[in-house]
Amino acid sequence: MFFTRRALCDINFLSVANTRKMKWCPNVRIFMRRVSSEIRSNSSTQASVVDFYAGKCVFITGGSGFLGKIFSRLKMEKPKALQKVIPIVGDVKSLNLGITQKDQDMLIEKVSVVIHSAASTIFDNSLKEALETNYEGTRNVLSLCKRLKNIQAFVHISTAYTNVDKSIIEEVVYPPPANISDVYKYLKNHGDDKNLNTKILNGRPNTYIFTKALTEDLIAKTHQSVPTVMIRPSMVGPSKDEPLKGWLDNISGNLTVYNCCTGSTNPTYLGEVFKFFNEAPIKFQDNSYGFYFRKVFIANTKLASDILTFLTQIVPAYIMDLSLFLKGGKPRFVELQKKFIPMRDKVPYFTLNTWLFKTRKTQELYSQMSEQDRYTFPFNLSDIKWPEYMHLYAKAVHQLRNNTK
């Protein structure tokens, strides 16, 4: 069963996701609006986001992932709204998305907006698997869009890191890191060996980013008359005030890209971010064992990172497991560290490099919104106050930690 949550009145959401066991990409919520030609010529007449969505059906892929987990507020305030959610079982890697003919017919007749957020975000996934989900999956979704009778917008959720070979990243589609035919030829000749496949990645750090970059090129070349927009979020954290929202003006087949991150608008640095995180008035302490460390340590070398990991994670984990064993409990902290440390080792590429993401188009879209829409759908990145936000982030992590004990 796959589902998503309905966020606006008078909108039907339909969702499809991969039925296989798969990790899905954390997503931002995407809202779109149609901007008439009068708006584009600086007319005072403005179309509302809510008005655009009124009565429309929105088809969302990836509803079984992060997208389906962030609307607990809706359950409390508008529980009846969920009755308009129609679950669609399918697999983005399959022909016609693995959707039954009956559901396909319903989508073709009713859907006006498609938001494609389903993806495999496993960094070290095999190249073949990443291609099937991220590249071919998107091809399948776009193929469906071309069959919809009243398609008004196709929104593809990409990633800000598709072009990490550049220090300054504009809101444009860049040439792909490889020719897709060469990639498949390479796989055919060399197999899906992870050690060998690093050669074909052409500087991209992992198969996730590589296939996402290939997918951007696929969309740019094949979306044809489908009104298309591409959203590039960077690392997604807890929402500020309301879930972050993006939207689309009514274009006729011109592909538009929005870097959905603070980027050049409201930049910050990793050391500054962790400083604010550590200053949050929250103690990450397990009262049962009395251990307390700073929330985040910054290590500039691998040796320093290994030493800190040993002293602040591995040693306490063994001590706590020993205490559990002596009390008749089941040891679990060492096993948790075995899962956490490999995940941590995939991050340094992103934390040790610097990019400047240009966000001019995103800011221009915000400036065109009416005052009411800005209030209802706030996404002005300049409004983020980093000390306040990182305190909020620390609180969210603390709550998550308590919930998973």
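Residues numbered from 1 in each chain as written. Predicted model: local features only at pLDDT ≥ 70, side-chain atom pairs only at ≥ 80, totals over all residues. Heavy atoms only, no water.

Engineer: Got a minute to help me understand the overall build of the protein in this structure?
Structural biologist: Of regular secondary structure, the protein possesses 15 helices and 13 strands. Evaluated residue by residue, the protein yields a buried proportion of 47% over its 405 residues. The long-range share in the protein, meaning contacts at least 24 apart out of those at least 6 apart in sequence, stands at 80%. Summing over all exposed atoms, the protein offers an accessible surface of approximately 20,800 Å²; the carbon and sulfur share of this is 55%. (Helix = DSSP H or I, 4+ residues; strand = E, 2+ residues; numbered from the N terminus. Buried < 20%, exposed > 50% of the residue type's maximum accessible area, 1.4 Å probe, protein only. Contact = heavy atoms within 4.5 Å. Areas by Shrake-Rupley, 256 points an atom, 1.4 Å probe, with all protein chains shown as cover.)

Engineer: In this structure, what is going on with the pairing of strand S10 (residues 256–260)? I would like to understand it.
Structural biologist: Within a regular strand, side chains alternate between the sheet's two faces. Summarising burial for S10: five of the five residues are buried, a large majority. Judged by which residues are buried, S10 turns out to be covered on both faces: Thr-256, Tyr-258 and Cys-260 on one side and Val-257 and Asn-259 on the other are all buried.

Engineer: Is there a simple way to think about unusual backbone geometry in this case?
Structural biologist: Apart from glycine, the bulk of residues carry a negative phi angle, and the bulk of peptide bonds sit in the trans form. Phi is positive for Asn-96, which is not a glycine, with a value near 60°. By the element assignment, Asn-96 lies in the loop between strand S4 (85–87) and helix H4 (101–110). What makes Asn-96 partly exposed here is its relative accessible area of 36%.

Engineer: What's the story with the nonpolar core in this structure? I'm lost.
Structural biologist: Side chains that are nonpolar tend, in soluble globular proteins, to be buried together. With 23 residues, the main nonpolar core has Phe-59, Val-114, Leu-148 and Phe-154 as its most contacted residues. Put simply, the parts of the chain that give this core at least two residues each are strand S3 (57–61), H4, strand S5 (111–116) and helix H5 (127–145). A total of four residues in this core trace back to one element, the largest contributor, which is H5. Not counting chain neighbours up to four residues away, the residues in contact with Leu-148 comprise Leu-107, Ile-108, Val-111 and Val-114. (Core = buried A, V, L, I, M, F, W, Y, C linked by side-chain atoms within 4.5 Å.)

Engineer: Looking at this model, I keep getting lost on helix H6 (residues 180–190). Mind explaining?
Structural biologist: For an α-helix the count is 3.6 residues per turn, leaving residues at separations of three or four pointing the same way. The set of residues buried in H6 consists of Val-183, Tyr-186 and Leu-187. The buried residues of H6 occupy an angular sector of 100° when the element is viewed end-on, so they sit on one face. Looking at H6, the residues exposed on the side facing more than 90 degrees away from the buried face are Lys-185, Lys-188 and Asn-189. Once H6 ends, the next one or two residues include Gly-191, with phi positive near 80°. (Arc of directions from axis to C-beta.)

Engineer: What exactly am I supposed to notice about the confidence of the model for the protein here?
Structural biologist: Detailed reading of the predicted coordinates is not advisable wherever pLDDT is low. The predicted model of the protein averages 77 in pLDDT, with 78% of residues at 70 or higher. Segment residues 243–253 is flagged for pLDDT under 50; beyond a separation of four residues in sequence, or across chains, it makes 47 contacts in the model. (pLDDT = per-residue confidence, 0-100.)

Engineer: For this particular structure, what's the right way to read a nonpolar patch on the surface?
Structural biologist: Taken together, the side chains of Leu-303, Ile-307, Phe-310 and Leu-311 define a hydrophobic patch exposed on the protein surface, amounting to about 410 Å² of accessible area. Secondary-structure assignment places Ile-307 in helix H10 (residues 302–326). (Patch = residues over 30% accessible without salt bridge, like charges linked within 9 Å, V, L, I, M, F, W, Y side chains within 5 Å. Salt bridge = Lys/Arg side-chain N within 4 Å of Asp/Glu carboxyl O.)

Engineer: Help me understand the environment of Leu-187 in this model?
Structural biologist: Looking at where Leu-187 falls in the secondary structure, it is placed in helix H6. Separated by 59 residues in sequence, Leu-187 and Lys-128 place their C-alpha atoms 7.7 Å apart. For Leu-187, the residues in contact, after removing those within four places along its chain, are Leu-127, Lys-128, Leu-131, Asp-192 and Asn-197.

Engineer: What am I meant to see in the packing of H10 against helix H11 (residues 333–344) here?
Structural biologist: Each pair of packed helices can be summarised by the angle the axes make with each other and by the distance between the axes. Between H10 and H11, whose axes approach to 8 Å, the crossing angle comes to 160°. Here H10 is positioned roughly antiparallel relative to H11, judged by the angle of their axes. Contacts from Ser-305, Asp-306, Thr-309, Gln-313, Ile-314, Ala-317, Tyr-318, Met-320, Asp-321 and Leu-324 in H10 reach Phe-333, Val-334, Gln-337, Phe-340, Ile-341 and Arg-344 in H11. Residue classes in the contact of H10 with H11 are distributed as nine nonpolar, four polar and three charged. (Axes fitted to C-alpha atoms, helices over the stretch in contact; angles between N-to-C directions. Parallel < 35°, antiparallel > 145°, perpendicular 65-115°, else oblique. Nonpolar A, V, L, I, M, F, W, Y, C, P; charged D, E, K, R; others polar.)

Engineer: Could you clarify how one ought to interpret the environment of Lys-346 in this entry?
Structural biologist: Considering the arrangement of structural elements, one finds Lys-346 in the loop between H11 and helix H12 (348–351). Once the C-alpha coordinates of Lys-346 and Asn-206 are considered, the two residues, 140 residues apart in sequence, prove to be 9.3 Å apart. Aside from chain neighbours lying at most four places away, what touches Lys-346 is Phe-123 and Asp-124.

Engineer: What is the right way to read the packing of aromatic side chains from this model?
Structural biologist: Geometry of an aromatic ring pair is reported as the spacing of the ring centres plus the angle between the planes. Overall, the coordinates contain ten aromatic pairs when judged by the stated rule. Measuring from ring centre to ring centre gives 5.1 Å for Tyr-161 and Phe-350, while their planes differ by 70°; the resulting arrangement is edge-to-face. With a gap of 189 residues between them, Tyr-161 in the loop between strand S6 (153–157) and strand S7 (168–169) and Phe-350 in helix H12 connect regions that are remote in the sequence. Across the pair, exposure class does not vary: Tyr-161 and Phe-350 are buried alike. Considering the side-chain rings of Trp-386 and Tyr-389, the 5.9 Å spacing of their centres and the 85° angle between planes classify their relative orientation as edge-to-face. Remark: Tyr-389 and Trp-386 occur in helix H15 (residues 386–403); sequence separation between them is three residues, near one turn of the helix. By relative accessible area, Trp-386 is classed as buried at 15%. Three or more aromatic residues joined by ring pairs make a cluster, and in this case those are Phe-123, Tyr-161, Tyr-208, Phe-350, Trp-355 and Phe-357. (Phe/Tyr/Trp six-rings, centres within 6.5 Å; stacked < 30°, edge-to-face > 60°.)

Engineer: Help me understand the side chain of Gln-104, please; the structure alone is not making it clear to me.
Structural biologist: Mapping Gln-104 onto the fold places it in helix H4. Owing to a relative accessible area of 4%, Gln-104 belongs among the buried residues under this scheme. One polar contact links the side chain of Gln-104 to the main-chain carbonyl oxygen of Ile-99, over a distance of 3.0 Å. Setting aside anything within four residues of it in sequence, one finds Gln-104 in contact with Asn-96, Ile-99 and Arg-147. (Polar contact = N/O pair within 3.5 Å; in protein donor to acceptor, adjacent residues only side chain to side chain.)

Engineer: Would you explain the side chain of Asn-163 in this entry?
Structural biologist: Inspection of the secondary structure puts Asn-163 in the loop between S6 and S7. The class for Asn-163 is buried, based on a relative accessible area of 2%. Within the structure, Asn-163 has its side chain in polar contact with the side chain of Thr-162 (distance 2.9 Å).

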